[in-house]
Amino acid sequence: MMDMPTSQSPLRIGTRGSALALAQAHETRARLMAAHDLPALAFEIVVIKTTGDRVTDRPLKEIGGKGLFTREIEEALTEGAIDIAVHSMKDMPTLQPDGLLIDCFLPREDVRDAFVSPHFASIANLPAGTVVGSSSLRRRAQLAHRRPDLQLVEFRGNVQTRLKKLDEGVAAATFLAMAGLRRLDMAHVARSAIDPEEMLPAVAQGAIGVERRAADDRAAALLHRINDVETGQRIAAERAFLTRLDGSCQTPIAGLAELDGTRLVLRGEILSPDGAVVIAGRREGSVAEGAAMGRDLAEELLGKAGPGFFG
Ligand SMILES: NCc1[nH]cc(CCC(=O)O)c1CC(=O)O
């Protein structure tokens, strides 16, 4: 009974307040309830408003960049204001603060990017000069590589905000993660899901990780039973790749690991921000070698890029 939060206080699940973050927190709670036969009141969902949520009129890189949405949630976890934190792994810095740990992953959702447009069915159908909205360095570079004839504009905000901008004609098309759309029950807004061969997703796209205090045995026991091992293995390879590339956070990076039994295939690419240069590679091996494959692939791409590549 030691791991039963009802015998003590509810397990506090920290999350951002966006519709997507809330859906992810609720999914985590539902999985915990089912795995441990616990009632909803054994858990408390605690919404944390971060600076990134408050400031929506400036580019992310100006107000703190990657990690902005998660830093304040990690502080709440360290301070004990919450017991676990639910994150989109795509948004997580490669290093967790001392004393915190992510060793629980929900089954991965669709990894693909969605093409979203009221007017056009796919990237190939966009007329020259069409305005496409995206604030993702990776998607901008990948699109510019394929279609240097298009015009790119910044496009921040949550799913609803971005759809509204499309409606208002700020841009004629944009990209969103299929995973987010599915979790919001909004997959219908995708005109098409883009094959990873055509647009390699961000590292960890579609994966949700649950963070806890390393020393918290109650949280560890609760989370252990909902951990999806395969998702964790894929994320380990992808994030090892990302970690080795880091320090160059203005570089567009894409990476995807896929598992077939115990064989892991990892694809990765780095691009120049204008999409003129794409350096891509692939590794295949045993799942136990995933992290090593990630580091090797990163080394290979860094070697091909040469010292000038990162400006
Ligand atoms: N960068 C924001 C972000 N972080 C996670 C998702 C979607 C869900 C996921 O990939 O897990 C999104 C939105 C998007 O890229 O469309």
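Note that the structure is predicted; figures quoted are calculated from it, not measured.

J.: I keep staring at the sheet that holds strand S11 (residues 253–260) and nothing clicks. Help me out?
T.: Strand pairing in a sheet relies on backbone hydrogen bonds. The paired strands run either parallel or antiparallel. Pairing within the open sheet is antiparallel, and its three strands lie in the order S11-S12-S13. Because the sheet does not close on itself, it has two edges, and the strands there are S11 and strand S13 (278–286). Strand after strand, the sheet turns through a mean of 10° between neighbouring axes, direction not considered. Judged from the eight bridges that link them, S11 and strand S12 (residues 263–271) form a sheet pairing that is antiparallel. Directly across from alanine 257, in S12, lies its bridge partner leucine 266. Each of S11 and S12 touches helix H9 (residues 229–245); the most contacted strand, S11, lies at about 150° to it. Sitting on the sheet, helix H10 (residues 290–305) is in contact with S11, S12 and S13, with an inclination near 155° to S13.

J.: Before we go on, may I ask you to explain the sheet that holds strand S2 (residues 43–47) in this structure?
T.: Read from one edge of the open sheet, five strands run S2-S1-S3-S10-S4, paired in mixed fashion. Each end of this open sheet is capped by a strand with a single partner; those strands are S2 and strand S4 (100–105). Along the sheet, successive strands turn relative to each other by an average axial angle of 30°, direction set aside. Note that S4 and strand S10 (residues 208–213) share five bridges and pair antiparallel. In the strand pairing of S10, isoleucine 102 is matched with glutamate 211. Where helix H4 (residues 68–79) meets the sheet, it contacts strand S1 (11–15), strand S3 (84–88), S4 and S10, and its direction lies at approximately 165° from that of S3.

J.: Honestly, the site of the ligand in this entry has me stumped. Any pointers?
T.: The ligand sits among Ser88, Lys90, Asp91, Leu176, Ala177, Ala179, Gly180, Gln205 and Gly206. Elements with a contribution of two residues or more to the shell around the ligand: strand S8 (173–177) and helix H7 (178–183). Two domains share the shell around the ligand, each providing at least three of its residues, namely domain 1 (5–106 + 207–227) and domain 2 (113–194).

J.: Is there a simple way to explain the environment of isoleucine 102 in this structure?
T.: Summarising the element assignment, isoleucine 102 is placed in strand S4. The partly exposed category is assigned to isoleucine 102, around which 19 C-beta atoms lie within 10 Å. Sequence separation between isoleucine 102 and arginine 213 is 111 residues, and the spatial gap between their C-alpha atoms is 8.8 Å. With near-sequence residues (within four places) excluded, isoleucine 102 lies in contact with Gln96, Gly209, Val210 and Glu211.

J.: Is there a simple way to think about the confidence of the model for the protein in this case?
T.: As a general rule, the predicted coordinates of low-pLDDT regions are not to be interpreted in detail. For the protein, the mean per-residue pLDDT works out to 93, and 92% of the residues sit at or above 70. Here the predicted complex scores 0.93 on pTM and 0.94 on ipTM.

J.: Got a minute to help me understand the nonpolar core in this structure?
T.: Across soluble globular proteins, you tend to see nonpolar side chains buried next to one another. Counting 69 residues, the largest nonpolar core has Ile84, Ala114, Phe115 and Phe241 as its most contacted members. Broken down by element, this core gets its largest block of residues, six residues, from H9. Apart from the residues within four sequence positions on either side, phenylalanine 241 is in contact with Val203, Gly255, Leu266, Gly268, Gly294, Leu297 and Ala298.

J.: How should I be thinking about the pairing of S13 in this particular structure?
T.: Residues in a regular strand point their side chains to alternate faces of the sheet. Of the pairings in the sheet, the one linking S12 to S13 comprises nine bridges and is antiparallel in character. Note that in S13 the partner of glutamate 269 across the bridge is alanine 280. Between the end of S12 and the start of S13, which pair antiparallel, lie six residues, with glycine 275 showing a positive phi angle near 80°.

Cut-offs used in this document
Residues numbered from 1 in each chain as written. Predicted model: local features only at pLDDT ≥ 70, side-chain atom pairs only at ≥ 80, totals over all residues. Pairing = 2+ DSSP bridges. Helix = DSSP H or I, 4+ residues; strand = E, 2+ residues; numbered from the N terminus. Axes fitted to C-alpha atoms, helices over the stretch in contact; angles between N-to-C directions. Contact = placed C-beta atoms within 7 Å. Near = placed C-beta within 6 Å. Domains from an automatic or database assignment. Buried ≥ 20, exposed ≤ 12 C-beta atoms within 10 Å, placed from the backbone. pLDDT = per-residue confidence, 0-100. Core = buried A, V, L, I, M, F, W, Y, C linked by C-beta atoms within 7 Å.

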